[in-house]
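Descriptive structure summary
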Amino acid sequence: MTQDTNWLDEIKWDAAGLVTAIAQDARTQRVLMVAWMNREALQLTADSGIAHYYSRSRQKLWKKGEESGHLQSVHELRLDCDGDVVVLQIEQAGGIACHTGRASCFYRRFEQGAWVSVDAVLKDPAAIYAAGN
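Below you will find a few notes about this structure. (Residues numbered from 1 in each chain as written. Predicted model: local features only at pLDDT ≥ 70, side-chain atom pairs only at ≥ 80, totals over all residues. Heavy atoms only, no water.)

**Let's talk about unusual backbone geometry**
Backbone geometry at Q29 places phi at a positive 70 degrees, although glycine is not the residue there. Along the chain, Q29 falls in the loop between β1 (19-25) and β2 (31-37). Given the relative accessible area of 40%, Q29 is considered partly exposed. One non-glycine residue, Q59, lies in the positive phi region at around 55 degrees. (Helix = DSSP H or I, 4+ residues; strand = E, 2+ residues; numbered from the N terminus. Buried < 20%, exposed > 50% of the residue type's maximum accessible area, 1.4 Å probe, protein only.)

If you want it as structure tokens, here you go:
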């Protein structure tokens, strides 16, 4: 465990104790997902080199890929100028970051007044999250 946690105090945590976290492919620079981290998630990420987040809907800590196997190996952590957004430069195991089976959670593009899915499903989510995976 990292002994010096002063670096965590430089983050502007919101009222719920969370900070926005952007996962970006270290090679392509494509934004793969946006999530939330609390202090524990960020500390675990820094200590392990594997992305951990905080699920607002489930109200719990989660390791990205713990069920799907699509772990995110962290190459670099960056903090923005305001101290309220963290960017994780990651390598995405399996090439799938989204629970929909796509490479990125940002698979819809605005076209002529509507959101259009423009990225293919790489793997059926039912197969990704099947029991025993």
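**Quick look at helix α2 (residues 39-48)**
The complete set of buried residues in α2 reads A41, L42, Q43 and T45. Where α2 is buried, its residues touch α1 (6-9), β2, β3 (52-55), β4 (60-63), β5 (72-79) and β6 (85-92). Looking one or two residues beyond α2, the residue adopting positive phi is G49, at roughly 80 degrees. (Contact = heavy atoms within 4.5 Å.)

**Notes on a nonpolar patch on the surface**
Residues V31, V34 and F106 make up a contiguous nonpolar surface patch of roughly 240 Å² in combined accessible area. Tracing the chain through its elements places V31 in strand β2. (Patch = residues over 30% accessible without salt bridge, like charges linked within 9 Å, V, L, I, M, F, W, Y side chains within 5 Å. Areas by Shrake-Rupley, 256 points an atom, 1.4 Å probe, with all protein chains shown as cover. Salt bridge = Lys/Arg side-chain N within 4 Å of Asp/Glu carboxyl O.)

**A short note on the sheet that holds β5**
Taken together, the four strands give an open sheet; going across it, the order is β2-β1-β6-β5, and neighbouring strands pair in mixed fashion. Sheet topology places β2 and β5 at the edges, where each strand pairs with a single neighbour. Taken pair by pair, the neighbouring strands of this sheet meet at an average axis angle of 25 degrees, ignoring direction. In terms of strand pairing, β5 meets β6 through seven bridges, oriented antiparallel. (Pairing = 2+ DSSP bridges. Axes fitted to C-alpha atoms, helices over the stretch in contact; angles between N-to-C directions.)

**Some words on the pattern of salt bridges**
Should their charged atoms come close, side chains of opposite charge can pair. Under the defined criterion, the tally for this structure stands at four salt bridges. Close ionic contact of R39 with D9 constitutes a salt bridge, the shortest N to O distance being 3.1 Å. A residue pair is termed long-range when its members are at least 10 positions apart, and R39 in helix α2 and D9 in helix α1 qualify at 30 residues. Classification of D9 as exposed rests on a relative accessible area of 51%. For R109, the salt bridge is made with E111, and the minimal N-O distance between the two is 2.8 Å.

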